[in-house]
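Geometric and topological summary
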Amino acid sequence: STMTDHQARFLVDTYYQMQDARIRSSAQVRGLEEVAEPSEVMTWVDEINLSLEENIKKALGKYALGHPIGKWSMGIKGIGPVISAGLLAYVDITKAPTVGHIWRFAGQDPTSVWNKGERRPWNANLKTLCWKMGECFVKTKNIDEDIYGKVYEERKVYEVEKNERLEYKDQADAGAKRVGKKTKAYKSYSIGKLPDGHIHARAKRYAVKLFLSHWHDVAYRHHYKQ
């Protein structure tokens, strides 16, 4: 609860590293069990990884609950302690007079371009955090208390309809020039449509950006006592 933002950022990054390690070790255990190979050591490693992951998650939960905006975030379906802590640790509300500043810093501004030789205009870790946030919203869409998963679902219907009307043809034409003609994506691009994955990503980004706008409103009002 007394962690600095810098320490919280480190723990958020470490949490996802530990999560990746645990997923890999779990896959190794399953693979060894399938071929009847001894798996006790890997099971032990898997259990340690899970324990570390859970302890970090608890610590980040304490950090998030120590801030009003973190407590608010954790009350939202799909936003757990790690994402709540990550937003607190990465976003300085004094440098974000509008939510557009957060969108840009989090890599959610499609007009932001990173050219070769230039400094990246967004924070890569925060962008990854937003991607994970979007995935969480997708998973919570069927929960009654959910808000942003349903926003994602409604937006996806809207995006699919626009795609079917070929309203993204310009983007599809540009995409066709970037991918190989034997790819699945090219099949969609070649008929003037965006691939399903692209539509999924657009709907997720819409839900994430809406959440971030609400997060900014709560954080801004609290910080400036409005």
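In this text the structure is predicted, and so the values were computed from the model without any measurement.

Take the overall build of the chain next. Looking only at helices and strands, the chain has ten helices and zero strands in total. Element order for the chain, N to C, with α for helix and β for strand: α-α-α-α-α-α-α-α-α-α. Expressed as lengths along the three principal axes of its C-alpha atoms, the size of the chain is roughly 60 × 50 × 45 Å. The buried share of the chain, reckoned over its 226 residues, is 39%. Within the structure as shown, the chain displays about 13,600 Å² of accessible surface, and the carbon and sulfur contribution to it stands at 54%. Distance from the positive charge centre (37 side chains) to the negative charge centre (28 side chains) of the chain: 7 Å.

Right, let's get into the packing of aromatic side chains. By the definition in use, this model includes seven aromatic pairs. Where Trp72 meets Phe211, the ring centres are 5.8 Å apart and the plane angle is 15 degrees; that geometry is what we call stacked. Placement of Trp72 in helix α3 (residues 68–74) and of Phe211 in helix α10 (residues 196–223) is noted, with a sequence separation of 139 residues between them. Relative accessible area serves as the criterion here: at 0%, Phe211 is assigned to the buried category. Of the aromatic side chains, those joined through ring pairs into one cluster are Trp72, Phe137, Tyr148 and Phe211. Of note, Lys127 hangs over the ring of Trp122, and the distance from its end group to the ring centre comes to 4.3 Å. One residue, Lys209, lies across the ring of Trp103, its end atom 4.4 Å from the ring centre.

The next point concerns unusual backbone geometry. A positive phi angle, near 60 degrees, is found at Leu166, a position not held by glycine. Turning to its location among the elements, Leu166 is positioned in the loop between α7 (148–164) and α8 (169–176). Given the relative accessible area of 37%, Leu166 is considered partly exposed. At Lys225, a position not held by glycine, the phi torsion is positive, near 50 degrees. Secondary-structure assignment places Lys225 in the segment after α10.

Below, the discussion takes up the pattern of salt bridges. Two side chains with opposite charge may pair up if their charged atoms get near one another. Applying the stated criterion across every chain, the model contains twelve salt bridges. Residues Lys77 and Glu145 are paired through a salt bridge, measuring 3.9 Å at the closest nitrogen-oxygen approach. Placement of the pair is Lys77 in the loop between α3 and α4 (81–90) and Glu145 in the loop between α6 (124–139) and α7, with a sequence separation of 68 residues. Accessibility expressed as a relative area gives 35% for Lys77, which makes it partly exposed. When its relative accessible area of 51% is taken as the criterion, Glu145 is described as exposed. For Arg165, the salt bridge identified is with Glu167, shortest N-O distance 2.6 Å. Residue classification places Glu167 among the partly exposed positions, given a relative accessible area of 42%. Three or more residues are tied together by salt bridges with common partners; here these are Arg155, Glu159 and Arg202.

Let us look at the side chain of Asn49. Tracing the backbone through its elements, the reader meets Asn49 in helix α2 (residues 40–65). Those residues in contact with Asn49 that lie beyond four places of it in its chain are Met18, Ala21, Arg22 and Ser25.

A few words now on a nonpolar patch on the surface. On the surface, Val41, Trp44, Ile48 and Leu52 cluster together into a nonpolar patch covering about 390 Å² of accessible area. If you trace the backbone, Val41 turns up in helix α2. Judged by relative accessible area, which is 58%, Val41 ranks as exposed.

Cut-offs applied
Residues numbered from 1 in each chain as written. Predicted model: local features only at pLDDT ≥ 70, side-chain atom pairs only at ≥ 80, totals over all residues. Heavy atoms only, no water. Helix = DSSP H or I, 4+ residues; strand = E, 2+ residues; numbered from the N terminus. Buried < 20%, exposed > 50% of the residue type's maximum accessible area, 1.4 Å probe, protein only. Areas by Shrake-Rupley, 256 points an atom, 1.4 Å probe, with all protein chains shown as cover. Lys, Arg positive; Asp, Glu negative; His and termini not counted. Charge placed at Lys NZ, Arg CZ, Asp CG, Glu CD. Phe/Tyr/Trp six-rings, centres within 6.5 Å; stacked < 30°, edge-to-face > 60°. Lys NZ or Arg CZ within 6 Å of the ring centre and 35° of its normal. Salt bridge = Lys/Arg side-chain N within 4 Å of Asp/Glu carboxyl O. Contact = heavy atoms within 4.5 Å. Patch = residues over 30% accessible without salt bridge, like charges linked within 9 Å, V, L, I, M, F, W, Y side chains within 5 Å.

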